[in-house]
Amino acid sequence: MLNWQKSSFSQEASSCVYVASAPDGTLRLRESDEPEAVIRTTPGALRALIRGVKAGQFEAGHPVS
């Protein structure tokens, strides 16, 4: 069983993001609206995604590299 933790950026609203560390070293992500839909990723891939979002790499008009 995974120990799910709510993101500190999630408000008390119904849309919350949860993260859990799996025994194999991967991370699992899910949203409170659809808890059965779980995304599996690595810490490095999640870190790269977060950096890209903060840098605006996924905004419209940003060139794809």
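All values derive from a computational prediction rather than experimental measurement.

Cut-offs and rules
- Residue positions within a chain follow its written sequence, with the count starting from 1.
- Side-chain atom pairs in this predicted model are given and counted only at pLDDT of 80 or more, local residue features only at pLDDT of at least 70, and totals for whole chains, interfaces and linings cover all residues.
- Side-chain numbers here rest on the full set of heavy atoms in the structure, without hydrogens or water.
- Candidates for patches are residues over 30% relative accessible area with no salt bridge; among them, like charges are joined within 9 Å and nonpolar side chains (Val, Leu, Ile, Met, Phe, Trp, Tyr) within 5 Å.
- Surface accessibility follows the Shrake-Rupley procedure with a 1.4 Å probe radius. Residue values consider only the protein chains on display as shielding.
- We count a salt bridge whenever a side-chain nitrogen from Lys or Arg sits within 4 Å of a carboxyl oxygen from Asp or Glu.
- Helix and strand labels come from DSSP, where a helix needs a run of H or I of at least four residues and a strand needs a run of E of at least two; each type is numbered from the N terminus.
- Each residue is placed in one exposure class: buried if its accessible area under a 1.4 Å probe, protein chains only, is under 20% of its type's maximum, exposed if it is over 50%, and partly exposed if it falls in between.

J.: Honestly, a nonpolar patch on the surface in this entry has me stumped. Any pointers?
T.: The grouping of Leu-49, Val-53 and Phe-58 at the surface amounts to a nonpolar patch, some 310 Å² of accessible area in total. Tracing the backbone through its elements, the reader meets Leu-49 in helix H1 (residues 43–54).

J.: Mind showing me how you'd approach the pattern of salt bridges here?
T.: A side chain with one charge can pair with a side chain of the opposite charge if their charged atoms come near. Applying the stated rule across the entire model yields two salt bridges. Residue Arg-28 pairs with Asp-24 through a salt bridge whose shortest N-O separation is 3.6 Å. Looking at Arg-28, the relative accessible area reads 19%, which means it is buried. Here Asp-24 and Arg-40 are joined by a salt bridge, their closest N and O atoms 3.6 Å apart. Here Asp-24 is found in the loop between strand S2 (17–21) and strand S3 (27–31), whereas its partner Arg-40 is found in strand S4 (residues 34–41), with 16 residues between them in sequence. Accessibility expressed as a relative area gives 46% for Asp-24, which makes it partly exposed. The class for Arg-40 is exposed, based on a relative accessible area of 57%. Because the salt bridges share partners, they merge into one network encompassing Asp-24, Arg-28 and Arg-40.

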